[in-house]
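Take a look at the letters that make up each chain.
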Amino acid sequence: MDEGDAHSRSLGLLLRLVHQYWTQAIEAALEEAGFGDIRPPHANVFTFTRPEGIQVSELTRLAHVRKQTMTQAVEELEQLGYVERRPDPNDRRARLVFLTERGRGVRPVAMAAGQRVDRQWAELTSRQEIDALRDALLGILEQLQHAADRQAKA
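All of these numbers come straight from a predicted model, not from anything done at the bench.

Draft legend 1. Seen up close, the overall build of the protein. When helices and strands are tallied, the protein shows 8 helices and 2 strands. Taken over the C-alpha atoms alone, the protein extends approximately 60 × 50 × 30 Å along its principal axes. Looking at the protein as a whole, 26% of its 154 residues are labelled buried. Counted over contacts in the protein with a minimum sequence separation of 6, partners at least 24 positions apart contribute 49%. Of the side-chain charges in the protein, 21 are positive and 23 negative, and the distance between the mean point of each set is 7 Å.

Structure (structure tokens):
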């Protein structure tokens, strides 16, 4: 195998390229539904914001991004009317992030688009291949999380 083959088979590159297709499909669905101002970095806010609210520091931890990145995404979404920040009743120094009514409308659109992509990819390959891919990624993620937990305790 020459160097070019090794590069084209790089797991990181393959994951990135597949993710780009996924992201494009979700962005197109959001655009069609009137949410064209949402950018990929905003996805972490929608994914991890809980109905009871969440602090930016917790969003940062869950999304595995820098605090500056998450703070910027929250500020942008607040300006666009997708989230609001309110004082945390359990910590006077902190604020909680909540999805607004407009923000709550994003998740169902994105989830439906993701399900469409899942079905389309299963038609391109097979349901078994997509299920195997999902299972493999879940297994890897679980092992990575366990390793990170062990490292944090050490």
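Draft legend 2. Representation of the environment of Thr125. Inspection of the secondary structure puts Thr125 in the loop between α7 (106–124) and α8 (127–153). Of the polar contacts made by the side chain of Thr125, one reaches the backbone oxygen of Trp121; its length is 2.9 Å.

Draft legend 3. Here's a closer look at the pattern of salt bridges. The final tally for this structure, using the stated rule, is 11 salt bridges. The partner of Glu78 in a salt bridge is Arg85, and the shortest N-O contact between them spans 2.7 Å. In this structure, Asp131 engages Arg134 in a salt bridge whose closest nitrogen and oxygen atoms are separated by 3.3 Å. With Asp131 and Arg134 both in helix α8 and 3 residues apart, the pair spans about one turn of that helix. Accessibility expressed as a relative area gives 37% for Arg134, which makes it partly exposed. Three or more residues joined by partner-sharing salt bridges are found here, namely Asp118, Arg127, Asp131 and Arg134.

Draft legend 4. Region of the structure containing the packing of aromatic side chains. In total, this model carries 3 aromatic pairs according to the counting rule given. Seen from their ring centres, Trp22 and Trp121 are 5.6 Å apart, and the 70° between their planes marks the pair as edge-to-face. Of this pair, Trp22 sits in helix α2 (residues 11–32) while Trp121 sits in helix α7; the two residues are 99 residues apart in sequence, bridging distant segments of the chain. Ring centres 5.8 Å apart and planes at 85° place the aromatic pair Phe46 and Tyr82 in the edge-to-face group. Taken together, the positions of Phe46 in helix α3 (residues 43–48) and Tyr82 in the loop between α5 (67–80) and β1 (83–88) put the pair 36 residues apart, joining distant regions of the chain. Both residues of the pair, Phe46 and Tyr82, belong to the buried class.

Conventions adopted
Residues numbered from 1 in each chain as written. Predicted model: local features only at pLDDT ≥ 70, side-chain atom pairs only at ≥ 80, totals over all residues. Heavy atoms only, no water. Helix = DSSP H or I, 4+ residues; strand = E, 2+ residues; numbered from the N terminus. Buried < 20%, exposed > 50% of the residue type's maximum accessible area, 1.4 Å probe, protein only. Contact = heavy atoms within 4.5 Å. Lys, Arg positive; Asp, Glu negative; His and termini not counted. Charge placed at Lys NZ, Arg CZ, Asp CG, Glu CD. Polar contact = N/O pair within 3.5 Å; in protein donor to acceptor, adjacent residues only side chain to side chain. Salt bridge = Lys/Arg side-chain N within 4 Å of Asp/Glu carboxyl O. Phe/Tyr/Trp six-rings, centres within 6.5 Å; stacked < 30°, edge-to-face > 60°.

It is worth stressing that arrangement in space is one thing and function is another; only the former is reported here.
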